[in-house]
Amino acid sequence: QVQLVESGGGLVQPGGSLRLSCAASGNIFRINTMAWYRQAPGKQRELVASITSGGTTNYADSVKGRFTISRDNAKNTGYLQMNSLKTEDTAVYYCNAHILTMLLEGSYNWGPGTQVTVSS
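Treat the numbers as computed from the prediction; the structure is a model and nothing was measured.

K.L.:
Any chance you could explain the pairing of strand β3 (residues 18–26) here in plain terms?
P.N.:
Along any regular strand, the residues point their side chains to alternate faces of the sheet. As judged from the six bridges shared by strand β1 (residues 2–7) and β3, these two strands associate in the antiparallel manner. Looking across to β3, one finds that L4 is bridged to A24. Inspection of the sheet shows β3 paired to strand β8 (residues 77–82) by six bridges, in the antiparallel sense. Across the sheet, residue A23 finds its bridge partner in β8, namely T77.

Structural data, given as structure tokens:
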């Protein structure tokens, strides 16, 4: 069994920065793609950014140039550096990862989410 836990959310003023972390734990053999999603009140969950095990990244147009996704494979941890934050970035941010266990069973896993609020 594997678990994802996000951290680093909080309240920040417009133009500010936050760094989210996503730590994976459990019976992990390999983490394939890691991704960050967000869901604002009354809206559908949307993909923010993703990164493959080889480091290839993908971003939503709304965050390109402001957000950077990265990962530390040795620590089984992913990150989302968010700069130049806007009020419309306010949402619950979720980590998602495709994880292969020691039994070579693969599945997509979600963290519980962390709240990011951008407000003056």
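K.L.:
Explain the sheet that holds β1 to me, please; I cannot follow it from the model alone.
P.N.:
The four strands are arranged β1-β3-β8-β7 in an open sheet whose pairing can be described as antiparallel. Two strands close off the open sheet at either side, each with one partner strand: β1 and β7 (67–72). When strand polarity is set aside, the average angle formed by the axes of neighbouring strands in this sheet is 15°.

K.L.:
Got a minute to help me understand the state of the cysteines in this structure?
P.N.:
Here, disulfide denotes a covalent bond that connects the sulfur atoms of two cysteines. Using the criterion set out here, one finds one disulfide in the structure. Two residues share a disulfide in this structure: C22 and C95, whose sulfurs sit 2.0 Å from each other. Taking the torsion about the S-S bond as the criterion, the C22 to C95 disulfide, at about -80°, is left-handed. Note that C22 is positioned in strand β3 and C95 in strand β9 (residues 91–101), a separation of 73 residues in sequence. Neither C22 nor C95 differs from the other in exposure class; each is buried.

K.L.:
What exactly am I supposed to notice about unusual backbone geometry here?
P.N.:
Glycine aside, negative phi is the norm for most residues, and most peptide bonds take the trans geometry. Even without being a glycine, N76 presents a positive backbone phi close to 55°. Residue placement: N76 occurs in the loop between β7 and β8. You can call N76 partly exposed: its relative accessible area is 24%. Even without a glycine there, the phi angle at L104 is positive, about 60°. Residue L104 is classed as exposed on the basis of its relative accessible area, which comes to 56%.

Definitions and cut-offs
- Residues numbered from 1 in each chain as written.
- Predicted model: local features only at pLDDT ≥ 70, side-chain atom pairs only at ≥ 80, totals over all residues.
- Heavy atoms only, no water.
- Pairing = 2+ DSSP bridges.
- Helix = DSSP H or I, 4+ residues; strand = E, 2+ residues; numbered from the N terminus.
- Axes fitted to C-alpha atoms, helices over the stretch in contact; angles between N-to-C directions.
- Disulfide = S-S within 2.5 Å.
- Buried < 20%, exposed > 50% of the residue type's maximum accessible area, 1.4 Å probe, protein only.

None of the figures reported here should be taken as evidence of function without further support.
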